[in-house]
Amino acid sequence: MDFLKRAVLKIYLFWAVATFCIIMTLSLPLVVLPFVLGEKLGGRISYIFLKLWGYGFGLTSFIRFKTINRHKIDQSQPYIYVANHNSYLDSPAFVTAIPGQCRPLGKVEMKKIPVFGWLYPYVVVVVDRSSVASRIKSMNALKDKLRRGISVFIFPEGSMNTSDQPMLPFYDGAFRLAIETQTPVLPMVILNSRNLLPRIKFELRPGTITTVFLEPVPVEGLTMKDVAVLKERVYSQMKEALDYYNAYGAEEEDNIFLEPKTSFG
């Protein structure tokens, strides 16, 4: 029975990867071409097709993407979205969850992935973390997006979490960016993605991935001296939410975690 189960999971994984590539290839011109209309308008159209890719991939792979607390987002202003990172499935999860467009910060290594790598530089601000010059350039690019009223998205852990802890320690980048640009941070937690596609074992399973938006964290009046405090507040807020949903689940629509217990001061 174990052999049969592993065989079925391998076939299912092959099917999901194949549909991912097919849908991404078909979506490629629809995502890339709108950028000729300009950064903001073109990006808005592009992200509509990118969301359709995410939902299409989920539908053909029997993975449901669910979102809680989207109503907490004020779409008239940009945010710096931050989320935990446990699986490759986090990418379609946040793309389908965030309303409108955003510009994620992504590692340069992802450009090597066939098909996906062709699309990557158009919708992602690419960074080579081994290069100081690249890190500075990417931060300047994110600041430019925020000035244009476009939200950005960052995994503050810096890499995928393969440890047995809920989250890895956060880097300063997202929080320095928030204070420098006076842009609120909007934490979000992605649930169950590691169970469906763990990085180490790399076996895909059908199921539901839930993205929960938490309370936005304002940064008005904060200075660079407050980076550590801001980072700790967001980390604590996200960990509280992860602990809550791990304990009680996220199956019911009225099971909503909103208020953090931590605060400045």
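Description of the structure in this document. (Residues numbered from 1 in each chain as written. Predicted model: local features only at pLDDT ≥ 70, side-chain atom pairs only at ≥ 80, totals over all residues. Heavy atoms only, no water.)

## Details of the sheet that holds strand 6 (residues 185-191)
Sheet architecture is open: seven strands sit in the order 1-7-6-2-5-3-4, paired in mixed fashion. Across the chains shown, the open sheet's two edge strands, defined by having one partner strand only, are strand 1 (63-68) and strand 4 (125-127). In this sheet, adjacent strand axes meet at a mean angle of 25° when their direction is disregarded. Where strand 1 lies against strand 7 (residues 207-213), six bridges are found, and the strand directions are parallel. When the bridges of strand 7 are listed, Arg64 appears paired with Thr208. Contacts between helix 8 (residues 227-248) and the sheet are confined to strand 1, strand 2 (80-83), strand 6 and strand 7, with strand 6 contributing the most and set at about 30° to the helix. (Pairing = 2+ DSSP bridges. Helix = DSSP H or I, 4+ residues; strand = E, 2+ residues; numbered from the N terminus. Axes fitted to C-alpha atoms, helices over the stretch in contact; angles between N-to-C directions. Contact = heavy atoms within 4.5 Å.)

## Here's the deal with the pairing of strand 3 (residues 102-107)
Buried residues dominate strand 3, accounting for five of its six residues. Both strand 3 and strand 5 (residues 151-154) contribute to a ladder of three bridges, which runs parallel. Bridge pairing in strand 5 links Cys102 to Ser151. In this sheet, strand 4 lies alongside strand 3 in parallel orientation, the contact comprising three bridges. The residue of strand 4 that forms the bridge with Leu105 is Val125. (Buried < 20%, exposed > 50% of the residue type's maximum accessible area, 1.4 Å probe, protein only.)

## Side note on helix 6 (residues 173-181)
Looking only at helix 6, the buried set comprises Ala174, Phe175, Leu177, Ala178 and Ile179. Those residues of helix 6 that are buried are in contact with strand 2, helix 5 (132-147), strand 5, strand 6 and helix 8. One or two residues past the end of helix 6 sits Gln182, with phi positive at roughly 55°.

## Points about the side chain of Gln101
Note that Gln101 resides in the loop between helix 3 (90-97) and strand 3. Polar side-chain contacts of Gln101 include one of 2.8 Å to the backbone oxygen of Lys40. At 2.7 Å, the side chain of Gln101 forms a polar contact with the side chain of Arg103. If near-sequence neighbours (up to four positions away) are discounted, Gln101 is found in contact with Glu39, Lys40, Gly43, Arg44, Tyr47, Ile150 and Ser151. (Polar contact = N/O pair within 3.5 Å; in protein donor to acceptor, adjacent residues only side chain to side chain.)

## Some points on a nonpolar patch on the surface
Residues Val36, Leu37 and Leu41 make up a contiguous nonpolar surface patch of about 310 Å² in total accessible area. The topology assignment puts Leu37 in the loop between helix 1 (2-32) and helix 2 (39-60). The class for Leu37 is exposed, based on a relative accessible area of 51%. (Patch = residues over 30% accessible without salt bridge, like charges linked within 9 Å, V, L, I, M, F, W, Y side chains within 5 Å. Areas by Shrake-Rupley, 256 points an atom, 1.4 Å probe, with all protein chains shown as cover. Salt bridge = Lys/Arg side-chain N within 4 Å of Asp/Glu carboxyl O.)

## Looking at the pattern of salt bridges
Evaluated as defined, the whole model comprises nine salt bridges. For Lys143, the salt bridge goes to Glu180, with nearest N and O atoms at 2.6 Å. With a gap of 37 residues between them, Lys143 in helix 5 and Glu180 in helix 6 connect regions that are remote in the sequence. Measuring nitrogen to oxygen at the nearest pair gives 3.9 Å for the salt bridge that ties Asp144 to Arg147. With Asp144 and Arg147 both in helix 5, this residue pair falls three residues apart, about one helical turn.

On their own, these measurements won't tell you what the molecule is for.
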